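Letter by letter, the chains look like this.
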Amino acid sequence: MSKIKVTLVKGINGRKPNHVATVKSLGLRKISQSAVHNKTADIEGKIKLVSYLLKVEEV
């Protein structure tokens with residue numbers, strides 16, 4: 001299974017509560033913080049919802 005590295009590039013202050021919760025569920029709290037996840041449908045859906053806050057790379 002392939003891996004995806006997600007990095008938070010914009011802050012979450014003032015965002016919709018469900019977007020903030022989605023970013024936190026990805027394991028991100030601070031700007032420039034990264035997390036590596038398996039590429040699953042669940043993770044891809046979360047990334048799609050908050051893609052404007054993230055940078056995504058294949059690992």
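Look up a bit, the structure's there.
About the thresholds
- Residues numbered from 1 in each chain as written.
- Predicted model: local features only at pLDDT ≥ 70, side-chain atom pairs only at ≥ 80, totals over all residues.
- Heavy atoms only, no water.
- Buried < 20%, exposed > 50% of the residue type's maximum accessible area, 1.4 Å probe, protein only.
- Helix = DSSP H or I, 4+ residues; strand = E, 2+ residues; numbered from the N terminus.
- Pairing = 2+ DSSP bridges.
- Core = buried A, V, L, I, M, F, W, Y, C linked by side-chain atoms within 4.5 Å.
- Contact = heavy atoms within 4.5 Å.
- Axes fitted to C-alpha atoms, helices over the stretch in contact; angles between N-to-C directions.

## Examining the pairing of strand 2 (residues 34-38)
Then comes step 1: Here strand 2 shows a buried face lined by Ala35 and His37 and an unburied face lined by Ser34, Val36 and Asn38.
Then comes step 2: Of the strand pairs in this sheet, strand 1 (residues 3-8) and strand 2 are connected by 5 bridges, and their pairing is antiparallel. If you follow Val6 over to strand 2, its bridge partner there is Ala35.

## Points about the nonpolar core
Then comes step 1: In this structure, Leu8, Val23, Leu28 and Leu54 are the most contacted members of the largest nonpolar core, which totals 14 residues.
Then comes step 2: If you list the elements that add at least two residues to this core, you get strand 1, helix 1 (17-25) and helix 2 (41-49).
Then comes step 3: Among the elements that line this core, the one with the most residues is strand 1, at 3 residues.
Then comes step 4: When near neighbours in sequence (up to four residues on either side) are disregarded, Val23 contacts Leu8, Ile12, Leu28, Val50 and Leu53.

## Brief notes about the sheet that holds strand 1
Then comes step 1: As summarised here, the arrangement of the 3 strands in space is 2-1-3, forming an open sheet in which the pairing is antiparallel. Here the strands that pair on one side only, and so sit at the sheet edges, are strand 2 and strand 3 (54-58). In this sheet, adjacent strand axes meet at a mean angle of 25 degrees when their direction is disregarded.

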